[in-house]
Amino acid sequence: QLQLVESGGGLVQPGGSLKLSCAVSGFTLDYYAIGWIRQAPGAEREGISCISNSGGSTNYADSVKGRFTISRDNAKNTVYLQMNSLKPEDTAVYYCAARRWFAAYCPHEYDYWGQGTQVTVSS
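Since the structure is predicted, the reported quantities are computational estimates derived from the model, not experimental observations.

Q: Describe the state of the cysteines, listing the residues and the values that go with them.
A: Applying the stated rule across the entire model yields two disulfides. In this model, Cys 22 is linked to Cys 96 through a disulfide, with the two sulfur atoms separated by 2.1 Å. Disulfide Cys 22-Cys 96: the torsion about the S-S bond is 75 degrees, which places it as right-handed. On the criterion of sequence distance, the pair formed by Cys 22 in strand β3 (residues 18-25) and Cys 96 in strand β9 (residues 92-100) is long-range, its members being 74 residues apart. Here Cys 22 matches Cys 96 in class, with each residue buried. Residue pairing for Cys 50: its cysteine sulfur links by disulfide to Cys 106, the two sulfurs lying 2.0 Å apart. When the S-S torsion is -100 degrees, as for the bridge of Cys 50 with Cys 106, the disulfide is left-handed. Here Cys 50 is found in strand β5 (residues 46-52), whereas its partner Cys 106 is found in the loop between β9 and β10 (112-113), with 56 residues between them in sequence. Among the residues examined, Cys 106 registers a relative accessible area of 27% and is labelled partly exposed. With cysteine numbering restricted to those in disulfides and following the sequence, the protein chain has the pairing 1-3, 2-4.

Scoring rules and cut-offs
- Throughout, residues of each chain are indexed from 1 in the direction in which the sequence is written.
- Restriction of local features to residues with pLDDT of at least 70 applies here, the model being predicted, together with a cutoff of 80 or more for giving and counting side-chain atom pairs; totals for whole chains, interfaces and linings are based on all residues.
- Calculation of side-chain values draws on the structure's entire complement of heavy atoms; hydrogens and water are dropped beforehand.
- Cysteine sulfur atoms that come within 2.5 Å of each other are treated as a disulfide pair.
- Here a strand is any run of E in DSSP of at least two residues, a helix any run of H or I of at least four, and the numbering for each starts at the N terminus.
- Only protein chains enter the calculation, and the probe is 1.4 Å; a residue is then buried if its accessible area is under 20% of its type maximum, exposed if over 50%, and partly exposed in between.

See below:
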């Protein structure tokens, strides 16, 4: 059974940092792309980052490039999203998702999703 569970969201001031975690179970991380996708109220889902090729490939949307970093810990079966220099427009529910994948670029669609974790950036 493939499962993904996000954690680490919360309230942070503009310019602050948060680190999200995506704990995965039921599959081998190396065979999947793991993506971070966010959805703000009234907005479409936005894929912001993914990691694939056993961690060898990482990608970022322009909206977060230079501020967010995706990484993984194979021993813990966990993917992280370090978010720095947070802006109010980063406020959203953040999801991690998975798809069987071996390419260097991000999937457009994912097959397995976590429940999401709320990130709110406000003063």
